[in-house]
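Coordinate analysis (summary)
Read off the chains here:
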Amino acid sequence: MAAASVSQAVEEKGVSRGQSEVNRKLKYISLAVLVVQNASLILSIRYVRTLPGDRFFTTSAVVMAEVLKVLTCLLIILLQKRCNVKQTVLFLVDSVVFQYKDTLKLAVPSLIYTLQNNLQYVAISNLPAATFQVTYQLKILTTALFSVLMLRKSLSKVQWVSLLLLFAGVAVVQVQQEGKKEASVLDGTNQNYTVGLVAVVISCLSSGFAGVYFEKILKGSSASVWVRNVQLGVFGMALGMLGMWWNDGAAIAERGFLFGYTGMVWCVIFNQAFGGLLVAVVVKYADNILKGFATSFSIIVSTVMSIYLFGFHVDLLFTAGAGLVIGAVYMYSLPKAAPSSSSSSSSSSSSSSASSATNGGVEMEAFLPKCSGKQKGS
């Protein structure tokens with residue numbers, strides 16, 4: 001009997017060690033995926049917007065990305081229902097139509113996300129990729145402030161200091177950029193730095209508000225992440241098409257919805273549509289510190305690649321500003337210290353959930369905040 005118990009204990013220990021090894025590998029994979037997705041989306045958008053030739057309509061790209069997201073989520077729901085089309089249709093009608101009050105709650109965040117997606121194109125088209133990547137980290141500041149104001153969340157002293165460093169770092173980068181413009185051999189178009197800066201600031205504000213608002217209205221919800229994305233996608237497509245008609249309606253009617261689409265443009269759209277889904281799947285294996293590392297690394301990758309792709313010039317002032325932002329991102333991701341040993345377990349748990357919720361609106365591009373927020377509510 002004792003021998004059997006010892007054997008079982010050894011077996012369980014081996015299984016636990018193996019699981020720990022798997023989780024460690026998944027964390028590294030998650031880090032790589034987050035870095036690649038964060039950096040590649042910005043660089044690819046910047047690249048296709050600086051190429052000579054016909055320019056695609058960014059408003060149509062936003063709509064196309066939403067369509068692909070919805071189709072992907074519908075396919076996943078169909079697979080969850082074991083490819084039973086009738087059961088899937090009834091389930092979606094009940095979730096989206098009959099529970100219309102629940103669906104209507106997502107109209108506001110969907111509007112904000114659609115606006116944010118369009119503003120990102122405007123910002124990246126007018127700002128160097130590295131400058132956009134650094135400045136876009138202001139969404140951490142806006143998300144934190146909205147979390148304090150709307151959700152009554154508390155931030156640690158380290159987090160407050162990190163937010164001040166973040167703001168200072170972005171300010172230094174902007175001062176540096178005032179006297180310098182990107183020397184790109186690929187870029188033959190006129191750019192407006194002020195327009196790009198205003199677009200990225202509004203995008204950061206919308207990202208912070210949308211993420212926190214989304215968390216606030218969906219607390220206690222039992223809907224799955226895929227259903228939430230279908231609900232968001234319905235509004236996203238409608239609002240995106242409305243914006244497309246308002247801004248580019250006449251030009252699209254003349255030239256076509258897919259005007260200017262190349263293989264690289266499709267890569268950007270697929271990155272927007274599926275990159276967020278991929279990150280949403282792997283992000284559960286990455287803690288907040290790892291997410292902070294991923295964001296920091298993506299800034300470095302974007303800067304290095306901008307030097308080679310766009311002739312971006314890095315001087316001491318930009319390096320100092322970017323360094324402050326990278327340090328601030330890492331500091332903000334650190335967990336809060338437990339106030340006492342007796343309550344260390346509960347404090348650590350609440351700190352982790354608070355940081356995760358706050359970072360719901362902080363993760364890259366418009367899709368991820370939706371996923372992380374919904375996972376919390378589900």
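Since the model is a prediction, treat every value here as computed from it, not as a measurement. (Residues numbered from 1 in each chain as written. Predicted model: local features only at pLDDT ≥ 70, side-chain atom pairs only at ≥ 80, totals over all residues. Heavy atoms only, no water.)

1. Quick word on the pattern of salt bridges
Taken as a whole, this structure holds 1 salt bridge when the rule is applied. With a closest N to O distance of 3.5 Å, Lys69 and Glu66 form a salt bridge. One end of the pair is Lys69 and the other is Glu66, both in helix H2 (residues 58–80) and 3 residues apart, which spans about a single turn. Grouping residues by exposure puts Lys69 and Glu66 together as buried. (Salt bridge = Lys/Arg side-chain N within 4 Å of Asp/Glu carboxyl O. Helix = DSSP H or I, 4+ residues; strand = E, 2+ residues; numbered from the N terminus. Buried < 20%, exposed > 50% of the residue type's maximum accessible area, 1.4 Å probe, protein only.)

2. Some details on the environment of Ser306
Here Ser306 is to be found in helix H12 (residues 288–310). Assessed through its relative accessible area of 1%, Ser306 is described here as buried. Counting along the chain gives 175 residues from Ser306 to Thr131, while the straight-line C-alpha distance between them is 9.7 Å. If we ignore the near neighbours within four places in the chain, the residues touching Ser306 are Leu43, Ala129, Ala130, Gly311 and Phe312. (Contact = heavy atoms within 4.5 Å.)

3. Observations regarding the packing of helix H3 (residues 85–98) against helix H10 (residues 225–255)
To characterise two packed helices, one gives the angle between the axes of the helices and the distance between these axes. One way to put it is that H3 packs onto H10 with a least axis distance of 10 Å and a crossing angle of 65°. Crossing of H3 against H10: the hand is right-handed. Within the contact between the two elements, H3 uses Phe91, Ser95 and Val96 and H10 uses Val227, Val230 and Gln231. (Axes fitted to C-alpha atoms, helices over the stretch in contact; angles between N-to-C directions. Left-handed = near helix turned anticlockwise from the far one by under 90°.)

4. Let's talk about the nonpolar core
Phe132 and Ile269 are the most contacted members of the largest nonpolar core, which has 49 residues in total. For Phe132, the contacting residues outside a window of four places in its chain are Ile42, Gln120, Ala123, Ile124, Leu127 and Val200. (Core = buried A, V, L, I, M, F, W, Y, C linked by side-chain atoms within 4.5 Å.)

5. Digging into the layout of surface pockets
If you roll a probe as big as a water molecule over the atoms, it shows you where there is empty space left. For the second largest pocket, the calculated volume is near 370 Å³. Elements represented by at least two residues in the lining of the second largest pocket include exactly H2, helix H5 (107–126) and H10. By residue number, the principal contributor to the lining of the second largest pocket is H5, which donates 8 residues. Of the residues contributing to the lining of the second largest pocket, the split by class is 9 nonpolar, 9 polar and 3 charged. (1 Å grid on protein atoms, 1.4 Å probe; cavity = no way out; pocket = protein on both sides within 12 Å on 5 of 7 lines; lining within 4 Å. Points joined across faces, edges and corners; volume = space filled by probe spheres on them. Nonpolar A, V, L, I, M, F, W, Y, C, P; charged D, E, K, R; others polar.)

6. What about the packing of H2 against H5?
At a minimum axis distance of 10 Å, the contact between H2 and H5 shows a crossing angle of 135°. On the basis of the axis angle, H2 is oblique to H5. Pair H2 / H5 crosses with right-handed handedness. Residues Thr58, Thr59, Ala61, Val62 and Glu66 of H2 form the contact with H5, whose participating residues are Thr114, Asn117, Asn118 and Tyr121. (Parallel < 35°, antiparallel > 145°, perpendicular 65-115°, else oblique.)

7. Focus on unusual backbone geometry
A positive phi angle, close to 60°, is found at Cys83, a residue other than glycine. With respect to the helices, strands and loops of the structure, Cys83 is situated in the loop between H2 and H3. Positive phi is not limited to glycine here, since Arg152 has a value of about 60°. Turning to its location among the elements, Arg152 is positioned in the loop between helix H7 (138–151) and helix H8 (157–178). Looking at Arg152, the relative accessible area reads 70%, which means it is exposed.

8. Considering the packing of aromatic side chains
For the coordinates displayed, the defined rule picks out 11 aromatic pairs. Aromatic pair Phe57 and Phe259: ring centres 5.9 Å apart, planes at 40°, arrangement tilted. Linking Phe57 in the loop between helix H1 (2–50) and H2 with Phe259 in the loop between H10 and helix H11 (263–282), this pair joins segments that are 202 residues apart in sequence. Owing to a relative accessible area of 10%, Phe57 belongs among the buried residues under this scheme. An angle of 15° between the planes, with centres 5.1 Å apart, marks the rings of Phe132 and Tyr136 as stacked. On the accessibility criterion, Phe132 (0% relative accessible area) is buried. Put simply, the rings of Phe56, Tyr121, Tyr261, Trp266, Phe270 and Phe274 touch in pairs and so form one group of aromatic residues. (Phe/Tyr/Trp six-rings, centres within 6.5 Å; stacked < 30°, edge-to-face > 60°.)

9. Some remarks on a nonpolar patch on the surface
Together, Phe293, Phe297, Ile300, Val304, Ile307, Tyr308 and Tyr330 line one region of the surface with nonpolar side chains, adding up to about 650 Å² of accessible area. Among the elements that take part in the nonpolar patch, H12 stands out by supplying 6 residues, more than any other. Structurally, Ile300 is set in helix H12. (Patch = residues over 30% accessible without salt bridge, like charges linked within 9 Å, V, L, I, M, F, W, Y side chains within 5 Å. Areas by Shrake-Rupley, 256 points an atom, 1.4 Å probe, with all protein chains shown as cover.)

10. Regarding the confidence of the model for the protein
With 74% of its residues at a pLDDT of at least 70, the protein reaches an overall mean of 78. The spread of mean pLDDT over the elements of the protein runs between helix H15 (residues 367–377), the lowest at 38, and H2, the highest at 92. (pLDDT = per-residue confidence, 0-100.)

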